[in-house]
Amino acid sequence: MATSSGKSVLFVCLGNICRSPIAEAVFRKMATDSGEVNNWRIDSAATSTYEIGNPPDYRGQACMRKHGVPMRHVARQWVIDSGAVSDWNTGSSPDTRALACLRKHSIETDHSARQVTKEDFLSFDYMLCMDESNLRDLNRKTNSVKNCKAKIELLGKYDPQKQLIIQDPYYGSEEDFEKVYEQCLRCCKAFLESHS
Ligand SMILES: N#Cc1ccccc1-c1cc(NCCCN2CCCCC2)c2ccccc2n1
């Protein structure tokens, strides 16, 4: 849950391995560079169960590395790989101070895809999705959520170049991931500026 002065944004797409992890990483880097990252809770999720637990698509990771944008969405595997000697924290996320340290040194960390939960609708200020089918899926899910807090919008609504839809690059090429990156750059910049 974000602090009272904090704001929160959940980026959403179909599988949470292509578009929304890129949007999350781009927004986090912008918020970090502008000194505001500690005011924000930033996350990403899927409308589907297609890829739960999987890392971001390798084409998206390559695109992020090329642009020097650390990709975070630290997963359980971070704890399992480090192999805690105790079982005190099995299954929990890494300590936020550890995350901050990783982030500060632009150390790339793992991401594991997750599906949007009912709690997300109650705890995020914004749920920003990529295309009309994400919007339909999210709005349909709100039917079973009482007093939804989140403002559900297309991330493309913030694009100064008015490209409303961020197309699914899953069956696409490196260029299609580059286009997703450019759109996320424009939209996240405008969204951050209009909410700072
Ligand atoms: N669906 C669609 C679709 C339609 C047009 C363009 C792209 C996609 C597409 C397809 C994916 N996985 C292949 C099908 C998955 N299986 C579909 C039937 C249920 C069992 C799972 C994606 C996976 C991750 C992120 C984005 C994806 N996007």
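Bear in mind that the values here come from a model prediction, so they are computed numbers and not experimental data.

Parameters at a glance
- Residues numbered from 1 in each chain as written.
- Predicted model: local features only at pLDDT ≥ 70, side-chain atom pairs only at ≥ 80, totals over all residues.
- Heavy atoms only, no water.
- UniProt positions renumbered as here; feature names shortened; annotations may be inferred.
- Helix = DSSP H or I, 4+ residues; strand = E, 2+ residues; numbered from the N terminus.
- Buried < 20%, exposed > 50% of the residue type's maximum accessible area, 1.4 Å probe, protein only.
- Contact = heavy atoms within 4.5 Å.
- Core = buried A, V, L, I, M, F, W, Y, C linked by side-chain atoms within 4.5 Å.
- Salt bridge = Lys/Arg side-chain N within 4 Å of Asp/Glu carboxyl O.
- Near = heavy atom within 4 Å.
- Polar contact = N/O pair within 3.5 Å; in protein donor to acceptor, adjacent residues only side chain to side chain.
- Areas by Shrake-Rupley, 256 points an atom, 1.4 Å probe, with all protein chains shown as cover.
- Nonpolar A, V, L, I, M, F, W, Y, C, P; charged D, E, K, R; others polar.

A. Here's a closer look at the UniProt feature "active site" (unreviewed entry) in the chain. Within this numbering scheme, the UniProt entry marks Cys13, Arg19 and Asp168 as carrying the feature "active site" (unreviewed entry). What stands out for the annotated residues spanning 156 residues is how close their C-alpha atoms remain, the widest pair being 8.3 Å apart. Structurally, Arg19 is set in helix H1 (residues 19-33). Taking the relative accessible area as the measure of exposure, Arg19 reaches 1% and is therefore buried. Contacts of Arg19, omitting those with residues within four sequence positions, involve Cys13, Leu14, Met130, Asp131, Asn134, Ile166, Gln167, Asp168, Pro169, Val180 and Cys184. Looking at where Asp168 falls in the secondary structure, it is placed in the loop between strand S4 (151-154) and helix H7 (174-194). Take Asp168: its relative accessible area is 37%, and that puts it in the partly exposed class.

B. Just the nonpolar core, in detail. With 35 residues, the main nonpolar core has Val9, Phe11, Ile22, Phe27, Met64 and Leu155 as its most contacted residues. Those elements that place two or more of their residues in this core are strand S1 (7-13), H1, strand S2 (40-46), helix H2 (58-66), strand S3 (126-129) and H7. Looking at this core element by element, the count peaks at nine residues for H7. Residue contacts for Leu155: discarding those within four places in its chain leaves Phe11, Ala23, Leu128, Cys129, Met130, Ile166, Cys184 and Cys187. Residues Ala45, Phe124, Leu138 and Leu154 belong to the second largest nonpolar core, which totals 14 residues.

C. Structural detail: the pattern of salt bridges. Inspection of every chain in the model, using the stated rule, returns 14 salt bridges. One salt bridge connects Arg28 with Glu24, and the closest N-O pair in it is separated by 2.9 Å. Here Glu24 and Arg28 lie together in helix H1, a separation of four residues that amounts to about one turn. Arg28 sits in the buried class, given a relative accessible area of 8%. A cluster of three or more residues bridged by salt bridges with shared partners is formed by Arg19, Asp131 and Asp168.

D. Highlighting unusual backbone geometry. One non-glycine residue, Asn16, adopts positive backbone phi at about 55°. Here Asn16 lies in the loop between S1 and H1. Of note in this structure, Asn147 is not a glycine but carries a positive phi near 35°. By the secondary structure assignment, Asn147 is in the loop between helix H6 (132-142) and S4. Residue classification places Asn147 among the exposed positions, given a relative accessible area of 69%.

E. Looking closely at the site of the ligand. Around the ligand lies a shell formed by Leu14, Gly15, Ile17, Tyr50, Glu51, Asp168, Tyr170 and Tyr171. The side chain of Asp168 places a nitrogen or oxygen atom 2.7 Å from a nitrogen atom of the ligand. Contact with the protein chains hides 55% of the accessible area of the ligand, taken as 580 Å² for the molecule alone. Considering only residue class, the shell around the ligand consists of five nonpolar, one polar and two charged.

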